[in-house]
Amino acid sequence: MERRNFINKIYGGLVGTSLLSFSRAREVGEMLNGPVVVSTWDFGMVANAEAWKILGSGGRSLDAVEKGVRIIESDVNNQTVGIGGLPDRDGYVTLDACIMDETGNAGSVSFLQDIEHPISVARKVMEDTPHVMLAGAGALQYALESGFEKKSLLTDKSKAAWEKWKKKSDYKPIINIENHDTIGMIAMDSQGQLSGACTTSGLAYKMHGRVGDSPVIGAGLYVDNEVGAATATGMGEAVLKTCGSFLVVELMRQGLSPEQACKEAVLRIAKKQNYNDFQIGFLALNKRGETGAYCIHPGFNYSLKDSKNERLVKSKSYIKG
Ligand code: GLY
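Quick caveat: nothing in here was measured; it's all calculated off a predicted structure. (Residues numbered from 1 in each chain as written. Predicted model: local features only at pLDDT ≥ 70, side-chain atom pairs only at ≥ 80, totals over all residues. Heavy atoms only, no water.)

The number of helices and strands found in the protein is nine helices and 12 strands. Looking at the 321 residues of the protein, the share that counts as buried comes to 57%. With an accessible surface of roughly 13300 Å², the protein has 51% of that area assigned to carbon and sulfur atoms. (Helix = DSSP H or I, 4+ residues; strand = E, 2+ residues; numbered from the N terminus. Buried < 20%, exposed > 50% of the residue type's maximum accessible area, 1.4 Å probe, protein only. Areas by Shrake-Rupley, 256 points an atom, 1.4 Å probe, with all protein chains shown as cover.)

Side-chain pairs of opposite charge can arise where the charged atoms are in close proximity. Taken as a whole and assessed by the stated rule, the structure comprises 16 salt bridges. Of the charged contacts, one joins Glu127 and Arg123 as a salt bridge, the two residues approaching to 3.1 Å between their closest N and O atoms. Linking Glu127 with Arg123, this pair stays in helix H4 (residues 118–128), spanning four residues, or about one helical turn. Here Glu290 and Arg288 are joined by a salt bridge, their closest N and O atoms 3.3 Å apart. Overall, Glu290 belongs to the partly exposed group, its relative accessible area being 27%. It is possible to trace a salt-bridge network through shared partners that takes in Asp63, Glu66, Arg123 and Glu127. (Salt bridge = Lys/Arg side-chain N within 4 Å of Asp/Glu carboxyl O.)

Below, the discussion takes up the packing of helix H8 (residues 244–253) against helix H9 (residues 258–272). Axis separation between H8 and H9 bottoms out at 8 Å; the angle between their running directions is 130°. Judged on the interaxial angle alone, H9 and H8 are oblique. Note that H8 runs across H9; the crossing there is right-handed. Listed contacts from H9 to Leu247, Val248, Leu251 and Met252 of H8 are Pro258, Ala261, Cys262, Glu264, Ala265 and Arg268. Residues that form the contact of H8 with H9 fall into these classes: eight nonpolar, no polar and two charged. (Axes fitted to C-alpha atoms, helices over the stretch in contact; angles between N-to-C directions. Parallel < 35°, antiparallel > 145°, perpendicular 65-115°, else oblique. Left-handed = near helix turned anticlockwise from the far one by under 90°. Contact = heavy atoms within 4.5 Å. Nonpolar A, V, L, I, M, F, W, Y, C, P; charged D, E, K, R; others polar.)

In the vicinity of the ligand, the contacting residues are Asp181, Thr182, Gly202, Leu203, Arg210, Gly212, Asp213, Ser214, Gly234, Met235 and Gly236. One of the backbone N or O atoms of Gly234 is found 2.6 Å from a nitrogen atom in the ligand. Between the ligand and the protein, one listed contact pairs an oxygen atom with a backbone N or O atom of Gly236 at 2.8 Å. For the ligand, the accessible surface in isolation is 190 Å², of which the surrounding protein chains cover 100%. Tallied by class, the residues present in the shell around the ligand amount to two nonpolar, six polar and three charged. (Near = heavy atom within 4 Å. Polar contact = N/O pair within 3.5 Å; in protein donor to acceptor, adjacent residues only side chain to side chain.)

In this section: the sheet that holds strand E1 (residues 36–40). What the eight strands build is an open sheet, ordered E4-E3-E2-E6-E5-E1-E11-E12; its pairing is mixed. One side of each edge strand has no neighbouring strand; the edge strands of this open sheet are strand E4 (133–135) and strand E12 (310–314). Within the sheet, the average angular offset between the axes of one strand and its neighbour, ignoring direction, is 10°. Note that E1 and strand E5 (residues 183–188) share four bridges and pair antiparallel. (Pairing = 2+ DSSP bridges.)

Spatial strand order, E7-E8-E9-E10: four strands in an open sheet with antiparallel pairing. In this open sheet, the two edge strands, each paired with only one partner strand, are strand E7 (221–224) and strand E10 (291–295). Looking at each pair of strands side by side, their axes are set apart by 10° on average, direction ignored. One ladder, built from seven bridges, connects strand E8 (residues 228–234) with strand E9 (residues 280–286); its direction is antiparallel. What sits directly across from Gly228, in E9, is Asn286. Together, E7, E8 and E9 form the strand contacts of H8, whose direction differs from that of E8 by roughly 145°. Along the sheet, H9 makes contact with E9 and E10, crossing E10 at roughly 20°.

Attention now moves to unusual backbone geometry. Negative phi is the rule for most residues except glycine; trans is the rule for most peptide bonds. Although it is not a glycine, Phe111 sits at a positive phi angle of roughly 50°. With respect to the secondary-structure elements, Phe111 resides in strand E3 (residues 106–112). Unusually for a residue other than glycine, Asp114 sits at a positive phi of about 70°. Its location among the elements puts Asp114 in the loop between E3 and H4.

Glancing now at the nonpolar core. Of all hydrophobic cores here, the largest spans 79 residues; its most connected members are Ile99, Val109, Val121, Val248, Ile280, Phe282 and Tyr302. Setting aside anything within four residues of it in sequence, one finds Ile280 in contact with Thr233, Gly234, Met235, Ala238, Val239, Ile269, Tyr294, Cys295 and Ile296. (Core = buried A, V, L, I, M, F, W, Y, C linked by side-chain atoms within 4.5 Å.)

What follows covers helix H2 (residues 44–55). By the burial criterion, the buried members of H2 are Gly44, Ala47, Asn48, Glu50, Ala51, Trp52, Ile54 and Leu55. Residues of H2 that are buried sit in contact with E1, helix H3 (61–73), E5 and strand E11 (301–306).

Attention now goes to the packing of aromatic side chains. By the definition in use, this model includes four aromatic pairs. Centroid distance Trp165 to Tyr205: 4.5 Å. Interplanar angle 15°. Geometry classified as stacked. In this pair, Trp165 sits in helix H6 (residues 156–168) while Tyr205 sits in the loop between strand E6 (194–200) and E7, placing the two residues 40 residues apart along the sequence. Side by side, Trp165 and Tyr205 carry an identical accessibility label, which is buried. The lysine or arginine in question, Lys166, covers the ring of Trp162, its NZ or CZ lying 3.9 Å from the ring centre. The ring of Trp52 has Lys305 sitting right over it, with the charged end atom 4.9 Å from the ring centre. (Phe/Tyr/Trp six-rings, centres within 6.5 Å; stacked < 30°, edge-to-face > 60°. Lys NZ or Arg CZ within 6 Å of the ring centre and 35° of its normal.)

By themselves, these observations are geometric and do not establish any function.
Shown next as structure tokens:
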């Protein structure tokens, strides 16, 4: 049976029209606007600009997403990613990151300390080891052996915030535009190849040893080059329980648009979890270069860049503002 007919037969009644157009786009490799990159939050604008130096000159999406998020990892004023990130409750800045390429390869580091660019360590794990994920002391050992330099990541500003927090030890896990969390970046290059990267210092004042969704393939990030890519920001525990990014990609496989897929993933979280206490934002890109997002509380936005646009996009939310 011809492949398109086969797919139609399986899913026809469910999501017929959108699946057909999506499947056709996939088969002919149709792209709407050429290369495209999207990343979480407003700080994604500068990260996208860096990624575009590669995407705009015909480079590979994997290189673009790594270079893009490194900018935020190095930003001492960003207190949710890399150097300058807020520490855990014991005063340690611990980092989580992962990366995926167009072949489905993946690399990840979690609970990594004293390394400025966890995303590049994650890429090295992916490319130079037989493993996907290295954690803690082992990840640090591997990074140092691979030539990464040890560096203190706790800035005076973050240390002062932690000292202040310790006076009350008040735990407020809502993450929103006022206290952003995590850069997730997904991109398609001029060859139509998809890649993604996700990096964070995780929840501020978390328990020592806590690992969130960001380094977990399928939770904080997922890329399937036949379908699309997705990434997540917000309360990692809620995303982990839902295999959030994998879910979004699988929903796109079934014919949902990026925004519809993100919305459905948010609805599943809202149905089972007490969403009053946390924010989640999903961001997705399909194989046609269409993008979309959805979040629980108002306030999540994402940065988009392609050959025609460079802008901040407000995400729709489950709870209306
Ligand atoms: N989304 C980042 C974290 O929960 O660690």
